[in-house]
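So you can see what is in the structure, the chains are spelled out below.
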Amino acid sequence: AGLDSSADLSNPALDAKCSIRFQTTFIPVDGPDGRGKLEFATEAYNYNTMDDADPRNLVLLCTSQGMAVQQDGCGTKKLFHHGVDDSGVIHRYWLEAEESRHHVGGEQRETAEERADALARGKATSSVIGTRAMGQRFNVLMTIQVPLQQRRRPQRKCFGGGKMAMDLSWNFQLDGSSDLDWELIEKADRCKSRSRSRDRSRKCARKAAGRSSAARVSRGSEHDTWSGLTVTSATRNPSEHVTVTVVIYNAVKGGVPSADDVMAAIDDLESLYRACTKTGRLVDSSFDFMKQPLKVDDMIAISAKSAFQPPSAVVGFDTFPTA
């Protein structure tokens, strides 16, 4: 990806402890029996990155077929599977979710015939990935965020009354307190209230339960070629730990996930959390190593990112998609 071969982003003291979160999702697929599939790409959005030349994190996208090195950047960034040809050109590929004969929840143990068929078709096979408790899987995308040292932000100038002038929804004071734009908030609340009323009055037909399975997540069709990282001589942030996100993918065909399949997916997540050294919420004191006090400059940067580089809009959020 163009990262300087001499760059060492490890930190033995910090890397002895990290934060990991488990997530799960169901993807609608369509196609011949046993081979229904859908191509997709995940997206990364970081509130602390406004410029491609000054990323907050180096992002490793890991699957049972390999690893792709990427970075945070301006706006929202799609994360693709990578392949490098003999001339050193980096090709970016969509990800593909394909239905399988394996049930939702738990690891996937393939037969020799099943594994040989997947390899012959260029698909992912079950392998060790993530934590020991995860076992062998082919339905996992794991992202590892390695925090980088960013450029020092310019010192904020203060104006009359001891407040910072910001044309945003927050008006920050020097002591870290804030004056909310109550008019804006009240308008948002009224919009939400009307939306909830429409939702309650809408008659929703019960959708038929489809067939769910562990999705075989493989490299899909080619998207484009890539010139590599914007920052090639990255430096590790000296005080921040690595964050790991494990997303477990399931495929559903012919309807929506059944209640049993949803429960199986949840049980899988809970068993993985129980296997960790510590479990809890980020607010808990046991996870103090992953957080620090939120400063005024941090909130200004977050507000600026949200205002000028908003995340992609979610379309059809109230309807389960069909392939």
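Above this text sits the structure in question.
Keep in mind it's a predicted model, so treat the numbers as computed, not measured. (Residues numbered from 1 in each chain as written. Predicted model: local features only at pLDDT ≥ 70, side-chain atom pairs only at ≥ 80, totals over all residues. Heavy atoms only, no water.)

Asks: Please explain the overall build of the protein as it appears in this structure.
Replies: When you go through the protein residue by residue, the secondary structure sums to five helices and 16 strands. Here the protein holds 323 residues, and the buried ones make up 39% of them. A separation threshold of at least 6 residues defines the contact pool for the protein, and within that pool the share at least 24 residues apart is 76%. Summing over all exposed atoms, the protein offers an accessible surface of approximately 18,900 Å²; the carbon and sulfur share of this is 52%. (Helix = DSSP H or I, 4+ residues; strand = E, 2+ residues; numbered from the N terminus. Buried < 20%, exposed > 50% of the residue type's maximum accessible area, 1.4 Å probe, protein only. Contact = heavy atoms within 4.5 Å. Areas by Shrake-Rupley, 256 points an atom, 1.4 Å probe, with all protein chains shown as cover.)

Asks: What am I meant to see in the pattern of salt bridges here?
Replies: Pairing between side chains becomes possible if they bear opposite charge and their charged atoms approach one another. Taken as a whole and assessed by the stated rule, the structure comprises 19 salt bridges. Here D51 ties to R151 by a salt bridge, and the two come within 3.5 Å at their closest N and O atoms. Within this pair, whereas D51 is found in the loop between β3 (42-45) and β4 (57-63), its partner R151 is found in the loop between β11 (140-147) and β12 (170-172), the two being separated by 100 residues in sequence. Exposure remark for D51: the relative accessible area of 34% places this residue in the partly exposed category. The exposure class assigned to R151 is exposed, which follows from its relative accessible area of 51%. (Salt bridge = Lys/Arg side-chain N within 4 Å of Asp/Glu carboxyl O.)

Asks: Whenever I open this one, a nonpolar patch on the surface confuses me. Can you help?
Replies: Where nonpolar side chains cluster on the molecular surface, the patch consists of V262, M263 and I266 and spans about 230 Å² of accessible area. Tracing the sequence through the fold places M263 in helix α4 (residues 259-274). Classification of M263 as partly exposed rests on a relative accessible area of 44%. (Patch = residues over 30% accessible without salt bridge, like charges linked within 9 Å, V, L, I, M, F, W, Y side chains within 5 Å.)

Asks: How should I be thinking about the nonpolar core in this particular structure?
Replies: For soluble globular proteins, nonpolar side chains are generally found buried alongside one another. Counting residues in each nonpolar core, the largest one holds 24 residues, and the members touching the most others are L58, M134, V140, M142, I144 and V246. The set of elements that each furnish at least two residues to this core consists of β4, β11, β16 (243-253) and α4. In contact with I144, not counting residues within four places along its chain, are L58, V59, L60, C62, V242, T243 and V244. (Core = buried A, V, L, I, M, F, W, Y, C linked by side-chain atoms within 4.5 Å.)

Asks: Looking at this structure, I do not really get the packing of aromatic side chains. What am I missing?
Replies: Here the distance between the centres and the angle between the planes together describe a pair of aromatic rings. Per the stated rule, a full pass over the model turns up three aromatic pairs. Ring geometry for F40 against Y249: centres 5.1 Å apart, planes inclined by 35°, an arrangement best described as tilted. Within this pair, whereas F40 is found in strand β2 (residues 37-40), its partner Y249 is found in strand β16, the two being separated by 209 residues in sequence. Its relative accessible area of 6% is what places Y249 among the buried residues. Sitting over the face of the ring of F138, R216 holds its NZ or CZ atom 4.1 Å from the ring centroid. One cation-aromatic arrangement involves R219 over Y93; the distance from NZ or CZ to the ring centre is 4.1 Å. (Phe/Tyr/Trp six-rings, centres within 6.5 Å; stacked < 30°, edge-to-face > 60°. Lys NZ or Arg CZ within 6 Å of the ring centre and 35° of its normal.)

Asks: Explain the side chain of E98 here, please?
Replies: Topologically, E98 is positioned in strand β8 (residues 90-98). Looking at E98, the relative accessible area reads 4%, which means it is buried. For E98, the side chain forms a polar contact with the side chain of R121, separated by 3.0 Å. Apart from the residues within four sequence positions on either side, E98 is in contact with R35, G36, K37, R121, K123, A214, A215, R216 and A251. (Polar contact = N/O pair within 3.5 Å; in protein donor to acceptor, adjacent residues only side chain to side chain.)

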